[in-house]
Amino acid sequence: MQASASLTFEVKRCAPELIAPATPTPRELKLLSDIDDQKGFRYVIPIIQFHRRNPKMGNKNPASVIREALAKVLVFYYPLAGRLKEGPGGKLMVDFTGEGVLFIEAEADVTLEQFGKTLHPPFPCVEKLVCIPSYRGTLGSALVYIQVFLYPLSHTYHAI
């Protein structure tokens, strides 16, 4: 089945929320390495992953499962819940604020099969699938944006 050039569907997004670590984490500042602190790396890279719903999950909402797991894993990977800051000479550092990662739950009235037989870049309708709300650049913004997209018609979801 080939994706239709005129594929239309509705997207509903919940309000963005911050998912913080489940328990308190250390508060400190760490300089990025010179490799990570390159001007060319100061942008968001969207990654789309498609997953079929696991029947063992029953009626559990994948977004709720991911939200809860994310809070738990951020305890161990707490720098991801911080924010980038610029220090003297423009050197980037991570401020381990524990504010959290940005999480958005969304739903679409379309099946993955309607996108075509194989899902690989360039994705049809990607502008409707990817949402980075009020992006202000990398400084002071969440380091990780996660959007869980539910496709109730096909029992699948994807995460960005």
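Residues numbered from 1 in each chain as written. Predicted model: local features only at pLDDT ≥ 70, side-chain atom pairs only at ≥ 80, totals over all residues. Heavy atoms only, no water.

Visitor: An account of the pairing of strand β7 (residues 101–108) is requested, with residue identities and associated values reported.
Guide: Taking burial as the measure, the eight residues of β7 include seven buried ones, the bulk of the element. Pairing analysis gives three bridges linking strand β1 (residues 11–13) to β7, with the strands arranged antiparallel. Residue pairing across strands places Lys-12 opposite Glu-107, the latter belonging to β7. Examined bridge by bridge, strand β2 (residues 17–19) and β7 share three bridges and lie antiparallel to one another. Paired with Ile-19 across the strands is Val-101, a residue of β7. When β7 meets strand β8 (residues 145–151), the two strands line up parallel, connected through six bridges. Bridge pairing in β8 places Ala-106 opposite Phe-149. (Buried < 20%, exposed > 50% of the residue type's maximum accessible area, 1.4 Å probe, protein only. Helix = DSSP H or I, 4+ residues; strand = E, 2+ residues; numbered from the N terminus. Pairing = 2+ DSSP bridges.)

Visitor: Break down the environment of Val-94 for me, with residues and values.
Guide: Among the structural elements, Val-94 can be located in strand β6 (residues 92–95). Along the backbone, Val-94 and Ala-81 are 13 residues apart, and their C-alpha atoms lie at a distance of 9.6 Å. Not counting the four nearest positions on each side in its chain, Val-94 is found in contact with Glu-28, Leu-29, Lys-30, Leu-32, Pro-79, Arg-83, Leu-84 and Leu-143. (Contact = heavy atoms within 4.5 Å.)

Visitor: Give me the pattern of salt bridges: which residues, what numbers.
Guide: Inspection of every chain in the model, using the stated rule, returns nine salt bridges. Between Glu-68 and Lys-72 there is a salt bridge, with the nearest N and O atoms lying 3.3 Å from each other. You can see Glu-68 and its partner Lys-72 sitting in helix α1 (residues 62–73), four residues apart, about one turn around the helix. Overlapping salt bridges, with partners in common, bring together Glu-17, Arg-67 and Glu-105 in one network. (Salt bridge = Lys/Arg side-chain N within 4 Å of Asp/Glu carboxyl O.)

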